[in-house]
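Examining the three-dimensional arrangement
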Amino acid sequence: MSFSLELSPEVVEVRDWVHQFAKDVLRPAAAEWDEREETPWPIIQEAAKVGLHSMEFFAAQSGEATGLGMPVAVEELFWGDAGIGMSIMGTGLAAASLAANGTPEQMVEWLPQMFGTVDDPKLAAFCSSEPGAGSDVSAIITKARYDEATDEWVLNGTKTWASNGGIAEVHVVVASVYPELGSRGQATFIIPPGTKGFSQGQKFKKHGIRASHTAEVVLDDVRLPGRLILGGRDKFEERVARTREGKSSAGQVAMKTFERTRPTVGAMALGVARGAYEYALEYAQEREQFGRKIGDFQAIAFKLADMKTRIDCARMLVWRAGWMARNGLPFENAEGSMAKLYASEAAVYVTDEAIQILGGNGYTRDYPVERMHRDAKIFTIFEGTSEIQRLVMSRAITGLPIK
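Residues numbered from 1 in each chain as written. Predicted model: local features only at pLDDT ≥ 70, side-chain atom pairs only at ≥ 80, totals over all residues. Heavy atoms only, no water.

Observations regarding the environment of Glu 370
- Note that Glu 370 resides in helix 11 (residues 368-376).
- Along the backbone, Glu 370 and Gly 132 are 238 residues apart, and their C-alpha atoms lie at a distance of 31 Å.
- Ignoring anything within four residues of it in the chain, the contact list for Glu 370 reads Ile 355, Gly 362, Tyr 363, Thr 364 and Arg 365.
- Side-chain polar atoms of Glu 370 contact the side chain of Arg 374, separated by 2.7 Å. (Helix = DSSP H or I, 4+ residues; strand = E, 2+ residues; numbered from the N terminus. Contact = heavy atoms within 4.5 Å. Polar contact = N/O pair within 3.5 Å; in protein donor to acceptor, adjacent residues only side chain to side chain.)

Overview of the packing of aromatic side chains
- All told, the structure shown has twelve aromatic pairs when counted by the stated rule.
- Centre to centre, the rings of Phe 78 and Phe 379 are 6.3 Å apart; their planes meet at 70°, and the pair counts as edge-to-face. Here Phe 379 lies in the loop between helix 11 and helix 12 (386-398) and Phe 78 lies in helix 4 (residues 69-80), a separation of 301 residues in the sequence.
- Overall, Phe 78 belongs to the buried group, its relative accessible area being 1%.
- For Phe 379, a relative accessible area of 0% gives the class buried.
- Each ring, one from Tyr 279 and one from Tyr 367, has its centre 6.4 Å from the other, and the planes form 80°; the classification is edge-to-face. Separated by 88 residues along the polypeptide, Tyr 279 in helix 8 (residues 253-286) and Tyr 367 in the loop between helix 10 (335-358) and helix 11 bring together distant segments of the chain.
- Under the relative-accessibility criterion, Tyr 279 is labelled partly exposed at 28%.
- Aromatic rings pair up to connect Phe 78, Phe 379 and Phe 382 into one cluster.
- Across from the ring centre of Trp 33, 4.0 Å away, lies the NZ or CZ of Arg 36, which sits over that ring.
- One cation-aromatic arrangement involves Arg 292 over Phe 297; the distance from NZ or CZ to the ring centre is 4.3 Å. (Phe/Tyr/Trp six-rings, centres within 6.5 Å; stacked < 30°, edge-to-face > 60°. Buried < 20%, exposed > 50% of the residue type's maximum accessible area, 1.4 Å probe, protein only. Lys NZ or Arg CZ within 6 Å of the ring centre and 35° of its normal.)

Examining the packing of helix 1 (residues 9-36) against helix 11
- In the contact formed by helix 1 and helix 11, the axes pass within 11 Å of each other and the chain directions differ by 70°. It follows from the interaxial angle that helix 1 and helix 11 lie roughly perpendicular. Between helix 1 and helix 11 lies a crossing of left-handed hand. Between helix 1, through Arg 27, Ala 30, Ala 31 and Asp 34, and helix 11, the contact on the second element is made entirely by Arg 371, Met 372 and Arg 374.
- Across the contact of helix 1 with helix 11, the residue classes tally to three nonpolar, no polar and four charged. (Axes fitted to C-alpha atoms, helices over the stretch in contact; angles between N-to-C directions. Parallel < 35°, antiparallel > 145°, perpendicular 65-115°, else oblique. Left-handed = near helix turned anticlockwise from the far one by under 90°. Nonpolar A, V, L, I, M, F, W, Y, C, P; charged D, E, K, R; others polar.)

Examining empty space enclosed by the protein
- Counted according to the given criterion, the structure contains two cavities of 30 Å³ or more.
- Empty space within the largest cavity amounts to approximately 70 Å³.
- Lining the largest cavity, in full, are Leu 52, His 53, Ser 54, Phe 57, Phe 58, Met 70, Ile 88, Met 89, Thr 91, Gly 92 and Phe 115.
- Broken down by secondary-structure element, the contributors of at least two residues to the lining of the largest cavity are helix 3 (55-62) and helix 5 (82-101).
- The class makeup of the residues in the lining of the largest cavity is seven nonpolar, four polar and no charged.
- Taken as a whole, the second largest cavity encloses approximately 60 Å³ of empty space.
- Around the second largest cavity sit Phe 78, Trp 79, Gly 80, Asp 81, Ala 82, Val 272, Arg 371, Met 372 and Asp 375, which together line it.
- Sorting the residues of the lining of the second largest cavity by element identifies helix 4 and helix 11 as the ones contributing at least two each. (1 Å grid on protein atoms, 1.4 Å probe; cavity = no way out; pocket = protein on both sides within 12 Å on 5 of 7 lines; lining within 4 Å. Points joined across faces, edges and corners; volume = space filled by probe spheres on them.)

Let's talk about the side chain of Ser 344
- Counting through the fold element by element, Ser 344 comes out in helix 10.
- For Ser 344, a relative accessible area of 1% translates into the label buried.
- Setting aside its immediate chain neighbours within four residues, Ser 344 contacts Ala 269, Phe 379, Thr 380 and Ser 386.

A word on the pattern of salt bridges
- A complete count under the given rule lists 31 salt bridges for this structure.
- The closest approach of N and O atoms between Asp 16 and Arg 15, which form a salt bridge, is 3.0 Å.
- Of the charged contacts, one joins Arg 227 and Glu 109 as a salt bridge, the two residues approaching to 3.1 Å between their closest N and O atoms. Of this pair, Arg 227 sits in the loop between strand 7 (214-225) and helix 7 (233-244) while Glu 109 sits in helix 6 (residues 104-115); the two residues are 118 residues apart in sequence, bridging distant segments of the chain.
- A cluster of three or more residues bridged by salt bridges with shared partners is formed by Asp 34, Glu 35, Glu 37, Lys 205, Arg 210, Arg 365, Glu 370 and Arg 374. (Salt bridge = Lys/Arg side-chain N within 4 Å of Asp/Glu carboxyl O.)

Take it as geometry only, folks, not as evidence of what the structure does.
As structure tokens, this is what we get:
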């Protein structure tokens, strides 16, 4: 079980296929959907037709033997456009939660519904954050109680910052069953389409990734069949009992999902960074000032050198984390957080430098680096801020309860 930087022929084939789709379909549509700030359903439809937005693609890349299949494919997709890419990949977070916490029967029933069909594609949403609980998932106050008389769960609360929230076919919601246990008393629930008491709240107008729908969802006495707790009620109660006895348990559900997806989020940021770098490089090779190509000036050449270095470093960290996760190796030094942290901050740095290289042109919406710069910032915030990633890493490295 050794880590290799040589991609398998299968991964290369998928990489090139996704790259071509991103080049031919996403990039030409990116500016339009960014301006419209609407879900790009026609593009999602195209992704479904070619098999990119599908349960089969998600399963194949998640289960790819080296662990590099998903990060490599996602980098290419977000190289095309982050907003549209997030609309396509947002379902993946809910699917990852289902895969991490669900029973085989739940996966068979709900995973196909998350993606829909070629003719009628669907989306899914993972709902964890709340108005008063973002990075601090232990502060989640959305409540779930079990009604013994009807064998139903009753959920009440408001979730926020949910990608695809309200427009998804299937919502996966984290709620507190035993608030006194903090995050250890939380469980995850499946909200089927058309569930009474479940509705979309405010839709957010965002700085970046504007083609991705982000909204609040409201749960008002939502009643769910008892079987719709991920993993089953018996397994959940067993975990709670171990917690009450002071024994170790498998960890709380929201963080378990984020741990699985952090390398993929790093790959998203990496794709944005690479797109901006390549555009700035081409511009520097063609643009002339003072009778010379601007890339011939050391001030610009050094920027490009630093940008390329950070991109390559980010890719190595993302690939390592993906490989470790696939091979069941523990993130003893928080390697997943390390990859997400470095790649997201590299994306902000690289897109900022890309604008600087383009000068005034880079600050206008006539050039894509302006949009990429806006898109990049979210990666230092969602699925764990940079500050949270550093906290996770420092605790893992020192073994101390750093506050």
